[in-house]
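# Structural features, examined
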Amino acid sequence: MRETNPSKVFRIVVLAVLTVFTVVPIYVMVTSSMKSLGDVQGAFTWWPTNLTFQPFIDMWSTVPLASYFVNSLIVAGSATILSLVIAVFAAYAVSRYRFKGRSVFTTTVLSTQMFPGVLFLLPLFLIFVNINQAVGIQLVGTRFGLVITYLTFALPFSIWMLAGYFDGIPRDLDEAAMVDGSGAMGALWHVVLPAARPGLIAVAIYSFMTSWGEVLFASVMTTDENRTLAVGLQLYSTQTNVYWNQIMAASLVVSIPVVVAFLLLQRSFVAGLTAGAVK
Amino acid sequence: MRKRAIIAGAIAAAVALVAAGCSGSGGSGDSPSGSTITYWASNQGTSLDNDKQVLTPVLNDFTKKTGVKVKLEVIGWNDLQTRIQTAVTSGQGPDVLNIGNTWAASLQATGAFMPFDSAAMKAIGGKDKFVKTALETGGVAGKDVTSVPLYGLAYGLYYNKAMFTAAGVQPPTTWEELVTAAKALTKDGTYGFSLAAGSYTENAHFAFINAAQNGADFFDKDGNPTFTSTGAVDGIKRYLDLMQTDKVVNPANAQYDNGVMAVNDFAKGKVAMILSQNNADSSINANGMKTDAYGVVPFPAPEGGKAVASHVAGINLSIMKNTKNKDAALEFVKYMTSEDTQSTLGKPYATLPVLEGAKANFTDNAEEAATFQKIYNTMSKPLPLVPAEDQFENTVGKAMNDMFSKIATGGTVSASDIKAALQDAQDQVKQSMGG
Amino acid sequence: MSTTTSADNPRGAGLQTGRATAATTAPPKRRKRQKGWWLPLALLAPAIIFEIIIHVIPMLTGIWISFMQLTKFYIANWSAAPFVGFKNYAVALDFNGAVGADLLRSFAITCGFTVLVVGISWSLGMAAAVALQRKFWGRGFFRTLFLVPYALPMYAGIIAWKFMLQKDTGAVNHFLFDNLHLGGDKPFWLIGDNAFWSIVVVAIWRLWPFAFLMLMAGLQSIPEEVYEASAVDGAKPFRQWRAITLPMLRPVNTVLLLVMFLWTFNDFNTPFVLFGNAQPAAGDLISFHIYNASFLTWNFGSGAAMSVLLLIFLLIVTGIYLLVINRRSRRA
């Protein structure tokens, strides 16, 4: 199908505007990371007056960046995988079954998104302490506690979105698979999941980024050894100085793996995974 | 009907689950030697790592002397208050911790911190060893304090010697001289003054100091807020007027939400004077200004006003009430407030000693050290020692932020505007005090 | 050939009200339990357990706290806090009092902020998703580029904007006044009234890639043939968008708009990092306002009451939203 001219113009204008909007702050970040501290604090210049890569070296020692990075990776990665698994099951149930209490479940889960996060903090901390006293599992100050917290934070949205994507996959496909002898789980695994792949990836990205960037609970639930990146970046702002250039440098460096992952994942957003399946 | 019962039951169960974790177990310690105490230190150095490096040899020394091991955690200021809140709420926390001394009365009201009764005071070396005004910050007057001073800080008026000589001005000894000097120095793109006009904590501090110079207090002796006195309004007005009518402060300072930004301006020679606490020295030096290029005088009061140059700033040391290692904790406090430790830590943290008769060593400039010592020991007044102190800082500080903002964006703030804003702040504090 | 697409099943992710469900799909109630009735519950069990521990119990606790005067005096022992009934609510809703008036103003600002941010972010996300729908060389690059703000640590992204919006040393003023030579004084962007627009722009910058991501994923499930068929029938691109893309994205959009609304309304980090200690009145968003007015000063009872009021408001809005959506879908 040939693209019409208005379509083309629309595409070019949209892409141009959004590119500028996206790129300018990133450009500022990149050039700031290559300026000396005095330079950064002074009047803004589009290009550094004294180009320097020192911030990229200093940033590893001002703050234990490497250790924070690893912690973040472990916590966010685990939370994402667990969250995805739980959400897939739950979404399948919500999408494919009409059971008693379905609306109670969805309403409750929905209402958790309406409370300011700050209010959860103290009660959650207390619950963890209680669990520790009752069962002996240490949750405060461990990565495990943080993983559990994050996977739950990501659940509501993940369940809805996945249920929404599943809704878009015709039931006929499930039934076809079940007629062939596999149970509901088989239908899920062989038919629904592959068809919902873009949705799965989008939700996985969301889960990961939510855990990756969360600050409030990480600041309270972690100690020196398992501090995450999101909290750690704030530590470049110290009593004596705020090391802007190092913050920028550190942010860019830790984002590179994430961006690379995006680059690889976006290839999976391919059209027509469900098309033709029923014909 | 059943549904309601279920919901009520659920809430009760939830509450029980949560509340059971409150007020953790207590218990006194046995012989301190061999035990381990947990210590939460605040960020005083150039980075959390730097704090660890500075403290570790000091702590090792302590372990050698007493056999008590110390588990150290350094916490940034962003998180310290939240961490303390969770520790107080859950009962799970350190044995000893640093607190901003302005929090002392508020924290005392939670009841989670150990009061230093006469036995405890004796165990740490007696209360007379501390600078009197510093010890007063430890809690509400009339009750045993729940914290003791650890590091001392005070505001001083830093001035650029070269700029002053060039303009033919002397360091000011009264407020009026200050304004005149600042005006003479505001020209050709440099300003006489830089203020952290967007930092609500600094604004609250100076509201207090200026009012104190007028003899006015923000709380009366019963702990009721008295924000709208003439002394307070006048004090705030002259501070605001530095930007508004005297025009010796760059309006862009209304964006400065922490003191470091003002210090940077000073170090780069963009302004002639700043008001900063003595630990600004490290920032100033780090930004390229040498120690002999600047001098310090006390923040002056108006002619005839009270000689209050600063509030008693600094860090206090507290022991959690439910600590299992009381004796070890007391030993630790004694050690940290001993003369040797004080002079060891004073230099890297650029703080003043809290001990009566001790000499400041945070800078090689003897004159500066003596000035700050004088300010801290004799010219400083503790911020209101009431549990609502944090609400005072919050409301009054934010009101001043808004007023500076208004001035910077071209509006005007009159004395009646100030009074109205203070009334509003007072109402907020009264309402949240349950009044 | 029949492809049961989501156009025929515009129900959204199970957000139906119970009645509509029964009216359209449920088989007649059986006396006997169906075979495998336990399966959906078993599938939900892990989610339910985690939600209860991490979300529900803290929420119930928060509601309980709102009826207490839980201040610093009682924080170490919650059960000793005095029960004050609706007093916290009364103070928060007394719009003549200092606390209530501030809360109302913050609420109004947040409403305006949310409508603008969600509307614009969604539009940008949709525009980008449509613009990148057709394959062309470089599409992968753009898809990745637009997600970079989402990939960056939130703190760094907002700090970069804070830099750019400084009055004298910021890039924005530098560009407008030093490069483009616009007349007049350089305005403040972080204090005063302009602060509202600053926070709107920063919020959009951070939110629109998320909308883009979700819409892009959603678009992938629309087969090319549908567009081709309509083009043969003479449909222009805009008509295609209205008649094909939008309806087929309905399940995704239903959820997406709702969560964008809820998250934006509750946004705490953006004002916190952008303005730091210098919070301007024009940018006083409600989540941060509640934190400031209560948690910062250990006044948890009051903060909890304000949060519950916020919750009630959002529940009402969500309820109306879902009602409207379901009614529309039944008419369709």
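This is a predicted model, so every value here is computed, not measured. (Residues numbered from 1 in each chain as written. Chains lettered and ligands numbered in written order. Predicted model: local features only at pLDDT ≥ 70, side-chain atom pairs only at ≥ 80, totals over all residues.)

## So, the overall build of chain B
- When helices and strands are counted, chain B shows 17 helices and 11 strands.
- Computed over its C-alpha atoms, the radius of gyration of chain B comes to 23 Å, within 12% of the 22 Å expected for a compact globule of 435 residues.
- Dimensions of chain B, computed from the C-alpha atoms along their principal axes, are close to 70 × 65 × 35 Å.
- Relative to its full complement of 435 residues, chain B shows a buried share of 57%.
- Of the contacts formed within chain B by residues at least 6 apart in sequence, a portion of 76% connects residues at least 24 apart. (Helix = DSSP H or I, 4+ residues; strand = E, 2+ residues; numbered from the N terminus. Rg over C-alpha atoms; globule rule 2.2 N^0.38 Å. Buried ≥ 20, exposed ≤ 12 C-beta atoms within 10 Å, placed from the backbone. Contact = placed C-beta atoms within 7 Å.)

## Considerations on the overall build of chain A
- Scanning chain A from N- to C-terminus turns up 13 helices and zero strands.
- Listed N to C, the secondary structure of chain A is α-α-α-α-α-α-α-α-α-α-α-α-α in terms of helices and strands.
- When its C-alpha atoms are laid out on the principal axes, chain A stretches across 70 × 70 × 30 Å.
- Counting the 279 residues in chain A, one finds 54% classified as buried.
- When contacts within chain A are restricted to residue pairs at least 6 apart in sequence, those whose partners lie at least 24 apart make up 73%.

## Structural notes on the interface of chain C and chain A
- Contact with chain C, which involves 100 residues of that partner, is made by 100 residues of chain A.
- At 18 residues, helix α2 (residues 38–65) of chain C tops the list of elements feeding residues into the side of chain C that touches chain A.
- When the residues that make up the side of chain C that touches chain A are grouped by side-chain class, the tally is 64 nonpolar, 28 polar and eight charged. (Nonpolar A, V, L, I, M, F, W, Y, C, P; charged D, E, K, R; others polar.)

## Focus on the interface of chain C and chain B
- Contacts between the two partners involve 33 residues from chain C and, on the opposite side, 40 residues from chain B.
- Of all elements in the fold, only α2 and α4 (98–131) of chain C reach the threshold of two or more residues within the side of chain C that touches chain B.
- Here the element with the most residues in the side of chain C that touches chain B is α2(C); it accounts for four residues.
- Here the residues of the side of chain C that touches chain B sort into 18 nonpolar, 12 polar and three charged.

## Brief notes about the sheet that holds strand β8 (residues 294–297) of chain B
Residues and elements named next belong to chain B.
- Judged by pairing direction, the sheet is mixed, and its four strands sit side by side in the order β6-β7-β5-β8 without closing on themselves. Each end of this open sheet is capped by a strand with a single partner; those strands are β6 (191–194) and β8. On average, each strand axis in the sheet is inclined to that of its neighbour by 25°, with strand direction left out of account.
- Note: strand β5 (residues 155–160) against β8, four bridges, orientation antiparallel. Across the sheet, Y158 pairs through a bridge with V296, a residue of β8.
- Across the face of the sheet, helix α8 (residues 175–185) comes into contact with β6 and β7 (271–277) while running at roughly 120° to β6.
- Sitting on the sheet, helix α11 (residues 259–267) touches β5, β6 and β7, and the angle it makes with β7 is about 145°. (Pairing = 2+ DSSP bridges. Axes fitted to C-alpha atoms, helices over the stretch in contact; angles between N-to-C directions.)

## Examining the confidence of the model for chain B
Residue and element names in this part refer to chain B.
- Predicted confidence across chain B gives a mean pLDDT of 88, with 92% of residues reaching 70 or more.
- The element-level mean pLDDT for chain B is lowest in helix α1 (residues 2–19), coming to 58, with strand β3 (residues 96–100) highest at 95.
- Counting interchain partners and residues more than four positions distant, the pLDDT-below-50 stretch residues 21–30 has 29 contacts.
- For this predicted complex, the interface confidence reaches an ipTM of 0.82, while the overall pTM sits at 0.84. (pLDDT = per-residue confidence, 0-100.)

## As for the pairing of strand β2 (residues 69–75) of chain B
- Relative to β2(B), strand β1 (residues 36–42) of chain B runs parallel, the two sharing seven bridges. The residue of β2(B) that forms the bridge with I37(B) is V70(B).

## Re the sheet that holds β3(B)
All names here are of chain B.
- Strand order in this open sheet of five strands is β2-β1-β3-β10-β4, and the pairing throughout is mixed. Of all strands in the sheet, those bounded by a partner on one side alone are β2 and β4 (147–153). The average angle at which neighbouring strand axes cross in this sheet is 25°, direction not considered.
- Sheet analysis places β3 next to strand β10 (residues 313–319), joined by five bridges and oriented antiparallel. If you follow N98 over to β10, its bridge partner there is L317.

## With respect to the packing of helix α1 (residues 5–33) of chain A against helix α6 (residues 154–164) of chain C
- As a packed pair, α1(A) and α6(C) sit with axes 9 Å apart at the nearest point and diverge in direction by 90°. Classified by the angle their axes make, α1(A) and α6(C) are roughly perpendicular. Within the contact between the two elements, α1(A) uses P25(A), V28(A), M29(A) and S32(A) and α6(C) uses A156(C), G157(C), A160(C), W161(C), F163(C) and M164(C). (Parallel < 35°, antiparallel > 145°, perpendicular 65-115°, else oblique.)

## Some thoughts on helix α15 (residues 366–378) of chain B
- Under the 1.5 Å per step criterion, the end-to-end length of α15(B) is 18 Å for 13 residues, consistent within 8% with the ideal 18 Å.
- Looking at the buried positions of α15(B), the neighbouring elements they touch are β4, β5, β8, β9 (310–311) and β11 (380–381) of chain B. (Expected span 1.5 Å × (residues − 1).)

## Looking at the environment of A90(C)
- Along the chain, A90(C) falls in helix α3 (residues 87–93).
- Taking the C-alpha atoms as reference points, A90(C) and S302(C), 212 residues apart in sequence, are found 9.9 Å from one another.

## Some details on the packing of α1(A) against helix α5 (residues 139–151) of chain C
- Where α1(A) meets α5(C), the closest approach of the two axes is 9 Å, and the angle between their N-to-C directions is 45°. When the axis of α1(A) is compared with that of α5(C), the two are oblique. Crossing geometry of α1(A) relative to α5(C) is assigned as left-handed. Note on element contacts: α5(C) touches α1(A) through F142(C), L145(C), F146(C), V148(C) and P149(C), opposite L15(A), L18(A), T19(A), T22(A) and I26(A).
- A per-class count over the contact of α1(A) with α5(C) returns eight nonpolar, two polar and no charged. (Left-handed = near helix turned anticlockwise from the far one by under 90°.)

## Some thoughts on unusual backbone geometry
Residues and elements named next belong to chain B.
- In this structure, D188 is a non-glycine residue whose phi angle is positive, near 50°.
- Overall, D188 belongs to the exposed group, with 4 C-beta atoms counted inside 10 Å.
- Even without being a glycine, K247 presents a positive backbone phi close to 55°.

## With respect to the confidence of the model for chain A
Residue and element names in this part refer to chain A.
- In this model, chain A carries an average pLDDT of 83, and 94% of its residues clear a pLDDT of 70 or more.
- Looking across chain A, the model is least confident in helix α2 (residues 37–41), with a mean pLDDT of 78, and most confident in helix α4 (residues 65–96), with 91.
- Across residues 271–279, confidence stays below pLDDT 50; counting only partners more than four residues off in sequence or on other chains, it has 19 contacts.

## Concerning the pairing of β4(B)
Residue and element names in this part refer to chain B.
- Among the seven residues of β4, seven are classified as buried, and the element is accordingly described as predominantly covered.
- By the bridge criterion, six bridges tie β4 to β10 in an arrangement that is antiparallel. Of the residues in β10, the one forming a bridge with G152 is G314.

## Details of the domain arrangement of chain B
Residue and element names in this part refer to chain B.
- Split into domains, chain B comes out as domain 1 (20–153 + 312–381) and domain 2 (155–311 + 388–432).
- Summarising the inter-unit geometry, the C-alpha centres of domain 1 and domain 2 are found 28 Å apart.
- Listed by partner, the interface residues are 23 residues for domain 1 and 21 residues for domain 2.
- Of all the secondary-structure elements, those providing two or more residues to the side of domain 1 that touches domain 2 are α4 (104–110), α15 and β11.
- Counting residues per element, the side of domain 1 that touches domain 2 draws most heavily on α15, at four residues.
- By residue class, the composition of the side of domain 1 that touches domain 2 is 12 nonpolar, eight polar and three charged. (Domains from an automatic or database assignment.)

## Digging into helix α10 (residues 230–244) of chain B
All names here are of chain B.
- For α10, built from 15 residues, the straight-helix expectation of 21 Å at 1.5 Å per residue is met to within 8% by its first-to-last C-alpha distance of 19 Å.
- Within α10, the full set of buried residues consists of A232, V233, G235, I236, Y239, L240, L242, M243 and Q244.
- Structurally, α10 contributes buried residues whose contacts are with β6, α9 (200–213), α16 (389–408) and α17 (415–432).

## Looking at the nonpolar core
- If you look at the biggest cluster of nonpolar residues, it comprises 337 residues, and the most contacted ones within it are A87(A), A90(A), I159(A), L162(A) and F332(B).
- Among the elements that line this core, the one with the most residues is helix α8 (residues 194–219) of chain C, at 17 residues.
- Residue contacts for F332(B): discarding those within four places in its chain leaves I37(B), F62(B), V68(B), V70(B) and V96(B). (Core = buried A, V, L, I, M, F, W, Y, C linked by C-beta atoms within 7 Å.)

## A closer look at the environment of V201(C)
- By the element assignment, V201(C) lies in helix α8.
- In this structure, the C-alpha to C-alpha distance between V201(C) and N179(C), residues 22 residues apart in sequence, is 21 Å.

## A short note on the environment of L216(A)
Residue and element names in this part refer to chain A.
- Relative to the assigned elements, L216 resides in helix α11 (residues 216–221).
- The exposure class of L216 is partly exposed, given the 19 C-beta atoms found within 10 Å.
- When neighbours within four sequence positions are excluded, L216 is seen to be in contact with G117, V118 and L121.

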